[in-house]
Amino acid sequence: MFMDEPNIETIRHNLGVEDHIPFFGYLIYRSDTDEFLAKFDISSERLLKAWHRSPDQAKPFKKILEANLVCQQLELDPSICEIVIGFDLGKQIAVGSLNSDIVGNN
């Protein structure tokens, strides 16, 4: 989990994503089922969540801190709840892993 909001341009550079490709958002990936969080709604009465295999159907978060909070609310083992980054290629969403090599300045 990241404490600070990473720099999108640094991530873009480290992944080799061209400037004209739009940032789609941060996605929550569940590695044990190979699915992305598609819907999430929490209220005092219930927790609604839905998963989808395609990142195109995933719920994007504009801030990694928001994705972190939702990941915690899902009460999944941290080893299977991963936050990834998505870029919109038009016909599909390209997904990249976020590790210290990608998030940091190289």
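The structure we're discussing is the one just above.
Thresholds applied
- Residues numbered from 1 in each chain as written.
- Predicted model: local features only at pLDDT ≥ 70, side-chain atom pairs only at ≥ 80, totals over all residues.
- Heavy atoms only, no water.
- Core = buried A, V, L, I, M, F, W, Y, C linked by side-chain atoms within 4.5 Å.
- Buried < 20%, exposed > 50% of the residue type's maximum accessible area, 1.4 Å probe, protein only.
- Helix = DSSP H or I, 4+ residues; strand = E, 2+ residues; numbered from the N terminus.
- Contact = heavy atoms within 4.5 Å.
- Disulfide = S-S within 2.5 Å.
- Salt bridge = Lys/Arg side-chain N within 4 Å of Asp/Glu carboxyl O.

Chemist: Got a minute to help me understand the nonpolar core in this structure?
Modeler: Note on soluble globular proteins: their nonpolar side chains tend to be buried together. The biggest cluster of nonpolar side chains holds 23 residues, and the ones touching the most others in it are Tyr-26, Ile-28, Leu-74 and Leu-98. Elements with a contribution of two residues or more to this core: α1 (8-15), β1 (23-30), β2 (35-42), α2 (64-73), β4 (81-88) and α3 (100-103). What Leu-74 contacts, discounting residues up to four positions off in sequence, is Ile-28, Leu-37, Phe-40, Lys-49, Trp-51 and Cys-81. The next biggest cluster of nonpolar side chains, apart from the first, holds seven residues, and it includes Leu-27, Tyr-29, Phe-36 and Ile-93.

Chemist: Looking at this structure, how should I read the state of the cysteines?
Modeler: Note: disulfide means a covalent bond formed between the sulfur atoms of two cysteine side chains. With the rule as written, the count across this model stands at one disulfide. The disulfide bridge from Cys-71 ends at Cys-81, spanning 1.9 Å between sulfur atoms. Torsion about the S-S bond of the Cys-71 and Cys-81 cystine: about -130°, corresponding to left-handed handedness. With a gap of ten residues between them, Cys-71 in helix α2 and Cys-81 in strand β4 connect regions that are remote in the sequence. There is no split in this pair, since Cys-71 and Cys-81 are both buried.

Chemist: Please explain the pattern of salt bridges as it appears in this structure.
Modeler: When the charged atoms of two side chains with opposite charge come close together, those side chains can pair. This structure, assessed with the given rule, holds four salt bridges. Note that Asp-34 is salt-bridged to Arg-53, the shortest N-O span being 3.8 Å. Residue Asp-34 is found in the loop between β1 and β2, and its partner Arg-53 is found in the loop between β3 (47-52) and α2; the two are separated by 19 residues along the sequence. Relative accessible area serves as the criterion here: at 38%, Asp-34 is assigned to the partly exposed category.

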